[in-house]
Amino acid sequence: MICFIFFISFFSLCKSFIFHSMINAGFEAFPTTNRKPRNRFSLVPLSISTTAGSIEVGNHDECLRRIEKIFVLSDLHTDHKANLSWLRDRYHDNKKAGINVPGEKDALIIAGDISHQPSLIKKTLKLIREQYKCVIFFIFGNHEAWIHGSEMDGIGLESSLKKLELVSEICQDLDGVYTHVDGGILVGDREQAYLGDETVTHCENSPCWILPLQSWYDGSLAIDGCQDLCTNFEHWPWVDFNRCAWPSQHYYRPNSIGPLLNKTGLFGVNASKIPLGLNNIFLKRNEVSIAQVRQHLAKCHQFEQDQFNANVTRNNTKKGRNVGLVTFSHFLPNQQCLPDWKNVTSVNFDRTNWLDHGAGKTSCKFALVAGSQSLDAQIRSITNEKLSVIDDKKLVFDEQQQHIHVFGHSHRPKDFNLSGVRYVHNPLGSPRERESHMITECPEFQLIWDTRSTEGQIYAKKPLIRYWEEHGGGLDYMRAYFDHRKLERARKLEEVRQTLLEDGIIL
């Protein structure tokens, strides 16, 4: 028994922390709840006047018309006390420092992974609503799908679908919290932006659609040429494999992943623990909302063109802004969003130069449970943007785009433009990741849109591809940090051994 205790202490102190968050990530999805979304605020009909008549854009919450700024954050993981404290303190700290934080006229997009505990999800959302007073848009992450544990067992949850149904109901019961159940929502003063008055030649604000997208991972982001780094994948300690329970029919192999599959699995990797059919079900549930947003964006674009053409006849070529679009999911939509895909314009993975940190096996295994290419296809279908390949080697790199997709899950910050879409990942992550410079030590809510401005989108100063390398000190800091951790583990182990010796427990 004593030896066993000593072994456990040693083991817990000697675990690697390089990609700790990836091991703890897991799964995500949402069931369709039977509850109808209630009207949290007074709804008023809105329309756009065009040369062809009036375009009805449906009901619009009065509160949402006043939204000014849109902030993003993901992977809050408030199971960590330090993260919950960060949320409590950040509002007052940032206000004192004059730094932007969400306020009562703003919106905060949370791209999944608040907690696996229903009570803590509710506590976190209430804290944000009561302290920041901002509107919240939330999509479920893989941690929200976890079952087991004292709280879930006490409720009697035995299914991840039921668990996500419960999480959805928690969100629906809180005023000012919007999820996939509410579909796409238009924020910003739509009527002021698009007046029917012919004298209006240039609108000064930029309303924006916010659209949550359900998804799952299906192995389609697997990195070709790295199969040898994914051996024994079925035994990898990915927490979802033990804490998520899905109906058996979700584990079939859909035709949509056909090119990746062979007789032995995904690229020859045994992927039997991945519910490969689950993602298609959730993508299907997005279609109604996508059709709505696509239709309205097309009408708004036509209105803009009509206004522009009218201005040309008056020798005024100033053109108003199109309505913006922010989609968001928890899972990654393409391989370029993977933590180690350094050249986002490349369609080939440079294994030699990009897996230079000593955790290649974890990185490649994570790709199997990172997200789905089908999600990216759905994202791009809204504005008919497609990934453009040049000479079968490079993808188009765009400097400025009005379609932003926010994602979470990897705990590795990203911000880049690619073929018509800007991809943004701004995780809070874990205290250990911040300490090791995998994520910034001073995380902030990232501002991506201001409906009051003509531009709308708030652009990053420059693309962000691999934070720890570009801003966190690179391999030199990483080696120094983990060498220090190794010494600390050895010191703590020696303290344990000395204590056991002094107590006469070991000789």
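Along each chain, numbering runs from 1 in the same order as the chain's sequence is written. In view of the model being predicted, local features appear only for residues whose pLDDT reaches at least 70, and side-chain atom pairs are presented and counted only at 80 or more, with totals across whole chains, interfaces and linings using the full set of residues. Hydrogens and water are ignored here; the side-chain numbers use all heavy atoms of the structure.

## So, the sheet that holds strand S15 (residues 414–418)
The strand order across the open sheet formed by six strands is S7-S8-S11-S14-S16-S15, and the pairing between neighbours is mixed. Where the open sheet ends on each side, the last strands, each with one partner, are strand S7 (185–187) and S15. On average, each strand axis in the sheet is tilted by 20° relative to the strand beside it, whichever way the strands run. By definition, two strands form a pair when at least two bridges between them are found by DSSP. A run of H or I in DSSP becomes a helix once it reaches four residues, and a run of E becomes a strand once it reaches two; helices and strands are each numbered from the N terminus. Taken together, the five bridges between S15 and strand S16 (residues 421–425) define a ladder with antiparallel strand orientation. Note that in S16 the partner of Asp415 across the bridge is Val424. Working convention: axes come from line fits to C-alpha atoms, limited for helices to the stretch in contact. Angles between N-to-C directions cover 0 to 180 degrees.

## Considerations on helix H17 (residues 474–502)
Look at H17: 42 Å from first C-alpha to last across 29 residues, which is about the 42 Å you get at 1.5 Å a residue. Buried residues of H17: Gly474, Met478, Tyr481, Phe482, Arg485, Arg489, Leu493 and Leu500, and no others. One or two residues past the end of H17 sits Gly504, with phi positive at roughly 70°. Each residue after the first adds 1.5 Å to the expected span of a helix. Relative accessibility thresholds used throughout: buried, under 20% of the residue-type maximum; exposed, over 50%; partly exposed, between the two (1.4 Å probe, protein chains only).

## Quick word on the packing of aromatic side chains
For Phe, Tyr and Trp, rings pair up if their centres lie within 6.5 Å, where Trp contributes its six-membered ring, and each pair is then called stacked (planes under 30 degrees apart), edge-to-face (over 60) or tilted (otherwise). All told, the structure shown has 18 aromatic pairs when counted by the stated rule. Ring geometry for Tyr91 versus Tyr132: centroids 5.2 Å apart, planes at 85°, classification edge-to-face. Of the two residues, Tyr91 is situated in helix H4 (residues 81–97) and Tyr132 in the loop between helix H5 (118–131) and strand S5 (135–138); the sequence distance between them amounts to 41 residues. Classification of Tyr132 by relative accessible area gives buried; the value is 1%. Arranged with centres 5.3 Å apart and planes meeting at 55°, the rings of Trp341 and Phe349 form a pair that is tilted.

## Describing the environment of Leu221
Of note, Leu221 is situated in the loop between strand S8 (208–212) and helix H9 (240–243). The exposure class of Leu221 is buried, given its relative accessible area of 0%. Spatially, the C-alpha atoms of Leu221 and Ala367 are 5.5 Å apart, while their sequence positions differ by 146 residues.

## Concerning the sheet that holds strand S3 (residues 69–73)
Taken in spatial order, the five strands line up as S6-S5-S4-S3-S17 in an open sheet, and their pairing is mixed. Unpaired on one side and paired on the other, strand S6 (177–178) and strand S17 (446–450) mark the two borders of the sheet. Pairing of S5 with S6, which is carried by two bridges, proceeds in the parallel orientation. For Ile136, the partnering residue across the bridge sits in S6 and is Val177. Whether two residues touch is decided by their heavy atoms; if any such pair falls within 4.5 Å, the residues are in contact. Here H5 sits on the sheet in contact with strand S4 (107–110), S5 and S6, set at roughly 150° to S5.

## Considerations on the environment of Thr451
You can see Thr451 is positioned in the loop between S17 and helix H16 (467–470). Spatially, the C-alpha atoms of Thr451 and Pro207 are 5.1 Å apart, while their sequence positions differ by 244 residues. Discounting chain neighbours no more than four positions away, the residues touching Thr451 are Ile67, Glu68, Val187, Gly188, Asn205, Ser206 and Pro207. We call two N or O atoms a polar contact when they sit within 3.5 Å, provided that within protein one can donate a hydrogen and the other can accept it, with sequence-adjacent residues counted only if both atoms are side-chain atoms. Here Ile67 takes part through its backbone oxygen, which lies 2.7 Å from a polar atom of the side chain of Thr451.

## Some details on the nonpolar core
Among the nonpolar cores identified, the biggest contains 72 residues, and Ile110, Leu125, Ile128, Ile274, Val369 and Phe445 are the most heavily contacted of them. With residues up to four places along the chain from it excluded, the contact list for Phe445 reads Phe71, Val72, Leu73, Trp86, Leu87, Arg90, Val101, Pro102, Leu108, Tyr132 and Asn426. Nonpolar cores are built from buried Ala, Val, Leu, Ile, Met, Phe, Trp, Tyr and Cys residues. Side-chain atoms within 4.5 Å join them into one set. Counting residues in hydrophobic clusters, the runner-up holds 23 residues, among them Ile67, Val135, Val326 and Ile404.

## Section: the pattern of salt bridges
Whenever a carboxyl oxygen of Asp or Glu lies within 4 Å of a side-chain nitrogen of Lys or Arg, that contact is scored as a salt bridge. For the coordinates displayed, the defined rule picks out 15 salt bridges. Note that Asp340 and Arg466 form a salt bridge whose closest N and O atoms lie 2.8 Å from each other. You can see Asp340 sitting in the loop between strand S11 (324–328) and helix H12 (351–354) and its partner Arg466 sitting in the loop between S17 and H16, a full 126 residues away along the chain. Arg466 sits in the buried class, given a relative accessible area of 2%. The closest approach of N and O atoms between Asp415 and Arg422, which form a salt bridge, is 2.9 Å. Residues Asp415 and Arg422 agree in their burial class; the two are buried. One salt-bridge network, held together by shared partners, links Asp340, Lys342, Asp356, Arg466 and Glu469.

## Observations concerning unusual backbone geometry
Positive phi, normally seen in glycine, also occurs at His77, with a value near 40°. Note on placement: His77 falls in the loop between S3 and H4. Accessibility expressed as a relative area gives 7% for His77, which makes it buried. Positive phi, close to 85°, is recorded for His409, a residue that is not glycine. Assignment of secondary structure puts His409 in the loop between strand S14 (403–406) and S15.

## As for helix H13 (residues 360–368)
Extensive coverage of H13 is indicated by the burial of seven of its nine residues. When we look at burial in H13, the residues that qualify are Gly360, Ser363, Cys364, Lys365, Phe366, Ala367 and Leu368.

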